[in-house]
Amino acid sequence: MAKIKKEGAKSTPQVSTASLPDIVFMLLFFFMVTTTMRDTEMMVQVKLPEATQVSKLEKKSLVSYIFIGAPSRQHQGLLGTDSRIQLNDSFKKLADIRDFISAERDALSEADRNKLTTALKVDEDTRMGIVTDVKQELRKASALKISYAARRVENY
Amino acid sequence: MARSTPEINGSSLADIAFLLLIFFLVTTTMNVDTGLQRLLPPMPEEKSDVEQDVKQRNILTVLVSKSDRLSVGGEPVDVSMLREKTREFLTNPNNDIHLPEKQVVDIEYLGSMEVGKGVISLQNDRGTSYKMYMVVQNELIAAYDELRDELSRAKFGKKYEILTEDEQKAIQKVYPLRISEAEPKSIGGRK
């Protein structure tokens, strides 16, 4: 370690920290503006499976979400732990999917209607039976573009 | 006025701002949704068995059983072998008569290419776990992606992802994504 000689005249002045709050506030505003709070309350527990070949969902406005998984803790008393479907903010039955899709489709502009993508956020411990049923409903509603939500990992 | 109020020390302002910043950093999620994107087949208008036209050699049946066991083309296979099996099926490098037929097609940018007629038929049980299903889907797509990438490197000297849209389409014609997810079988009276 080299010793720094203190020479009264040459000492560098202290860096002013007065602008630090401004910088931090700027960062704060940036994060406040760009991030979105989760808009739907999760009523089912979803732990997404992992995959390596995933691609990003491009336009979020064109995506509608279907959640499938075991009800979360506070709903388990009433509903048990069997996998259930959540659309928007409530538990729904299979038959409601068609209405849900047509409602989502109506919310889009005319030009974007056939670009609607349905993201299936399914818990990894779910059995395929319910997923197959949902897929059949989506086919009936002709919402054919789907995305199986998965977390990106480099390899297993 | 003897007493003047002392100036408020502003040095703690930074700490307060940091605290807020960290709060927002932790609570907000900048989640980018990722997933395996697929296209479902349209619902058939009437009961018609189009699939019977496909010859046996052109179908690779990938079956995931109730207990998450995998069988490819009738024989039990470990998941780690699935990618290799799929690649072999799609390319048919030795022109095996049990593997898919090939057809020479003229494709823009690429010239005459041999295109296999293979179709992968993915079947699962109602009791298959979603996790296993996703692993299988992922491996199938990985096989396609690898083949497309290799072709792209051989023909254009670039990765598949950075090709232009037309070039990607040309490559997709050589290896079209043909994964048929079977109609759910009704077992035990469920429809």
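Check the entry above for the structure.
In short, a report on the structure.

What counts as what
- Residues numbered from 1 in each chain as written.
- Chains lettered and ligands numbered in written order.
- Predicted model: local features only at pLDDT ≥ 70, side-chain atom pairs only at ≥ 80, totals over all residues.
- Heavy atoms only, no water.
- Helix = DSSP H or I, 4+ residues; strand = E, 2+ residues; numbered from the N terminus.
- Buried < 20%, exposed > 50% of the residue type's maximum accessible area, 1.4 Å probe, protein only.
- Contact = heavy atoms within 4.5 Å.
- Areas by Shrake-Rupley, 256 points an atom, 1.4 Å probe, with all protein chains shown as cover.
- Buried area = accessible area lost by both parts, 1.4 Å probe.
- Salt bridge = Lys/Arg side-chain N within 4 Å of Asp/Glu carboxyl O.
- Polar contact = N/O pair within 3.5 Å; in protein donor to acceptor, adjacent residues only side chain to side chain.
- Core = buried A, V, L, I, M, F, W, Y, C linked by side-chain atoms within 4.5 Å.
- Pairing = 2+ DSSP bridges.
- Axes fitted to C-alpha atoms, helices over the stretch in contact; angles between N-to-C directions.
- Expected span 1.5 Å × (residues − 1).
- Parallel < 35°, antiparallel > 145°, perpendicular 65-115°, else oblique.
- Left-handed = near helix turned anticlockwise from the far one by under 90°.

**Here we look at the overall build of chain A**
Across its full length, chain A carries four helices and nine strands. Listing each helix as α and each strand as β along chain A from the N terminus yields α-β-β-β-β-α-β-β-α-β-α-β-β. Looking at the 156 residues of chain A, the share that counts as buried comes to 40%. Long-range pairs, those at least 24 residues apart, make up 71% of the contacts in chain A with a sequence separation of at least 6. Accessible area of chain A: about 10,000 Å², with a carbon and sulfur share of 53%.

**A short note on the overall build of chain B**
Looking only at helices and strands, chain B has four helices and eight strands in total. Listing the helices and strands of chain B from first to last along the sequence gives α-β-β-β-β-α-β-β-β-α-α-β. Considering only residue pairs separated by 6 or more positions, chain B has 63% of its internal contacts joining residues 24 or more positions apart. A total accessible area of about 12,300 Å² is found for chain B, and carbon and sulfur atoms account for 53% of it.

**Details of the interface of chain A and chain B**
Where the parts come together, the accessible area they lose is often given as the size of the interface. Listed per partner, the contact involves 52 residues of chain A and 48 residues of chain B. On the chain A side of the contact with chain B, M128(A), R139(A) and Y148(A) bury the most area, a combined 17% of that side's loss. At the surface where chain A touches chain B, the tally comes to two salt bridges. Salt-bridge contacts for R126(B) lead to D133(A); the nearest nitrogen and oxygen are separated by 2.9 Å. On the surface where chain A and chain B come into contact, there are 18 residue pairs in polar contact (both at pLDDT 80 or more).

**Observations regarding the nonpolar core**
Counting 60 residues, the largest nonpolar core has I66(A), L138(A), V62(B), I120(B) and V136(B) as the members making the most contacts within it. With residues up to four places along the chain from it excluded, the contact list for I66(A) reads I85(A), Q86(A), L87(A), I97(A), F100(A), T118(A), A119(A), L120(A), K121(A), V134(A) and L138(A). If you look at the next biggest cluster of nonpolar residues, it comprises six residues, including V24(A), L28(A), F31(A) and L21(B).

**Quick notes on the sheet that holds strand β7 (residues 119-124) of chain B**
Residue and element names in this part refer to chain B. What the five strands build is an open sheet, ordered β4-β3-β2-β7-β8; its pairing is mixed. Each edge of the open sheet is held by one strand with a lone partner, namely β4 (75-76) and β8 (179-181). On top of the sheet, helix α3 (residues 130-156) reaches β2 (59-64), β3 (70-72), β7 and β8; it is set at about 170° to β7, its chief contact.

**Brief notes about α3(B)**
Residues and elements named next belong to chain B. Taking 1.5 Å of rise per residue, 27 residues should cover 39 Å, and α3 covers 37 Å from first to last C-alpha, within 8% of that figure. Along α3, 19 of the 27 residues are buried, which leaves the element largely enclosed by surrounding structure. In the segment just after α3, G157 is the residue with positive phi, at about 70°.

**Some details on unusual backbone geometry**
Not every positive phi belongs to a glycine, and S142(A) is a case in point at roughly 45°. Tracing the sequence through the fold places S142(A) in the loop between α4 (128-140) and β8 (145-149). Note on S142(A): relative accessible area 48%, which makes it partly exposed. Even without glycine at this site, D68(B) takes up a positive phi of about 65°. With respect to the helices, strands and loops of the structure, D68(B) is situated in the loop between β2 and β3. With relative accessibility at 24%, the residue D68(B) sits in the partly exposed group.

**Some remarks on the packing of helix α1 (residues 20-34) of chain A against helix α1 (residues 12-27) of chain B**
Relative placement of two packed helices is described by the angle separating their axes and the distance separating the axes. Remark: α1(A) packs on α1(B), axes separated minimally by 9 Å, with the N-to-C direction vectors making an angle of 20°. Classified by the angle between their axes, α1(A) and α1(B) sit roughly parallel to one another. Crossing of α1(A) over α1(B) shows left-handed handedness. Residues L20(A), P21(A), V24(A), F25(A), L27(A), L28(A), F31(A) and M32(A) of α1(A) pack against L13(B), A14(B), A17(B), F18(B), L20(B), L21(B), F24(B) and L25(B) of α1(B).

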